[in-house]
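# Close look at the chain arrangement
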Amino acid sequence: MSPYVVIAAVVVVGLLLFVAAMGARAVLAPRAPTHAKLTTYESGVDPVGVDWAQTQVRYFVYAFLYVIFAVDAVYLFPWALVVRNAHLGAVSLVEIAVFVGVLLVGLVHAGRRGLLRWL
Amino acid sequence: MNEVVITQPLEVVLRAVGVLAAFLVLPLLVGQTEHKVMAHMQGRLGPMYAGGFHGWAQLVADGVKFVQKEDITPAAADRSVFRFAPAVALVPYLVALAVIPLSPSVVAAPTNASAVFVLAATAVGILGTLMAGWASANKYSLLGAMRSAAQLLAYELPLVLAVASVCLAAGTLSLRVIALDWQPWWLLWQLPGAIVFLVAAVAELQRPPFDMPVADSEIVFGPYTEYTGLRFAFFLLSEYAGIVVMSLLFAVLYLGGWQGPWGEQVGWIWTLLKGFAVAVLIIWLRVAWPRLREDQLQRLAWLVLVPMALAQLAVTAVGVVMFE
């Protein structure tokens, strides 16, 4: 039997744990909602404005970089399996060095352009 | 060492329940250790009353308290997402725990590509935090979720690269085979990668000094601000389960897991002990260091850890190609 059957069973057990715990809470915990309790918490004063506030998303450059590098990292794992192959070893090392090197240049460029600053 | 083969449906159930038992015990052990270690480092005693002997039952008592607390869903919240987020945060760590081998035979789900699987599973847990932050409809939660997203993007990368380096060194994606191949001199060979992994893991768990997303002096408790009672406790439990997963992973990847005196017989004890030592180190980091500012966090990840992880990768690759 595939080990992934066990993983599926673990997911089911985890969800059962959540459901069982929430069931226990429903039995044991009091329930007395009031308007003040259900109000959005804003350090004790009445909430200002509507529910979702606008904020500047500062990390979109990081998100781009992450996607690029994450794809890069995914290719490293299959390489780990073939690097010991006598026909591929040294050649694949050079190829991966070029592959990662191009991305590294990109990272250095982003750093020099000041894109890796939060503010 | 024999491969583990699963044949009976009953065995599947027993293995899943075994993982659950470990999942409910180990995080509490780490939590209690944190209470006591942190207290003694700060010249306090920590919990002393619950259970009698040095407050050993403190976290059990906390659990009993949490289950009796009122569960509040704010009127403005996105109700179903808000209520389900704790499960999304918690279950992935349970799944990750299932594939980490404590010894060649003591592993719940002996998958082949377990190193990649663990990374994938732990990355899902982060979605729980983002769901909580967005669904709360609270400004503190939203800011916290933004910071979480940026931090997790930044630190996922060095983490993955560090693991890739170990996979390269062992020539496999299986945690079991990695630990079987491990040699003591890897401690030196993989040292930069190990440091990157540890730092990135602490950041991934949003533990101090990388707890900007839940910085209490600025944004109350970040994405978890609106949570009460048991749902809040589940987020805390997932943090400690995360420490367990990352510590055991560190022990298997970098410290040889079950290798040690009498490793053939009691290997799983070695893995647990090594993992526990790493967990104490993670607790120590919390006590020893102040919180990093958000821009410092990002600079550390992109300008120190990512280049360091890539350098480690180069060292590993050259070592493998030259000497094998």
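This text gives an overview of the structure that appears in the document. (Residues numbered from 1 in each chain as written. Chains lettered and ligands numbered in written order. Predicted model: local features only at pLDDT ≥ 70, side-chain atom pairs only at ≥ 80, totals over all residues.)

### Things to note about the interface of chain A and chain B
One frequently used descriptor of interface size is the decrease in accessible area upon assembly of the parts. Between chain A and chain B, the contact holds 59 residues from the first and 63 residues from the second. The element best represented in the side of chain A that touches chain B is helix H1 (residues 3-28) of chain A, accounting for 18 residues. Residue classes in the side of chain A that touches chain B are distributed as 46 nonpolar, six polar and seven charged. (Contact = placed C-beta atoms within 7 Å. Helix = DSSP H or I, 4+ residues; strand = E, 2+ residues; numbered from the N terminus. Nonpolar A, V, L, I, M, F, W, Y, C, P; charged D, E, K, R; others polar.)

### Some details on helix H4 (residues 114-135) of chain B
Residues and elements named next belong to chain B. The terminal C-alpha atoms of H4 lie 32 Å apart, and with 22 residues this matches the ideal 32 Å at 1.5 Å per residue to within 8%. With respect to burial, H4 is a largely interior element, 16 of its 22 residues being buried. Immediately downstream of H4, the backbone of Ala137 shows phi near 55°, a positive value. (Expected span 1.5 Å × (residues − 1). Buried ≥ 20, exposed ≤ 12 C-beta atoms within 10 Å, placed from the backbone.)

### Some points on the packing of H4 of chain B against helix H5 (residues 139-170) of chain B
Residues and elements named next belong to chain B. In contact at an axis separation of 9 Å, H4 and H5 are set at 175° when each is read in the N-to-C sense. With respect to each other, H4 and H5 are oriented roughly antiparallel. Between H4, through Ala115, Leu119, Ala123, Ile126, Thr129, Leu130, Ala132, Gly133 and Trp134, and H5, the contact on the second element is made entirely by Ser141, Leu142, Gly144, Ala145, Ser148, Ala149, Leu152, Glu156, Val160, Val163 and Cys167. In terms of residue class, the contact of H4 with H5 is made up of 14 nonpolar, five polar and one charged. (Axes fitted to C-alpha atoms, helices over the stretch in contact; angles between N-to-C directions. Parallel < 35°, antiparallel > 145°, perpendicular 65-115°, else oblique.)

### Considerations on unusual backbone geometry
Residues and elements named next belong to chain B. In the segment running from Pro208 into Pro209, the intervening peptide bond is cis, with an omega of 5°. Position of Pro209 relative to the elements: it lies in the loop between helix H8 (191-204) and helix H9 (216-219). Even without glycine at this site, His54 takes up a positive phi of about 50°. Secondary-structure assignment places His54 in the loop between helix H1 (9-41) and helix H2 (58-67). With 16 C-beta atoms counted inside 10 Å, the residue His54 sits in the partly exposed group. Phi at Gln206 takes a positive value of approximately 55°, unusual for a residue other than glycine. With respect to the helices and strands, Gln206 occurs in the loop between H8 and H9.

### Side note on the nonpolar core
Counting 139 residues, the largest nonpolar core has Ala98 and Phe250 of chain B as its most contacted members. Of the residues forming this core, the biggest block, 23 residues, is contributed by H5 of chain B. No fewer than three residues from each of domain 1 (3-38) and domain 2 (60-112) of chain A sit in this core. Beyond its immediate sequence surroundings of up to four residues, Ala98 of chain B is in contact with Val6, Ile7 and Val10 of chain A together with Val19, Ala108 and Ala109 of chain B. (Core = buried A, V, L, I, M, F, W, Y, C linked by C-beta atoms within 7 Å. Domains from an automatic or database assignment.)

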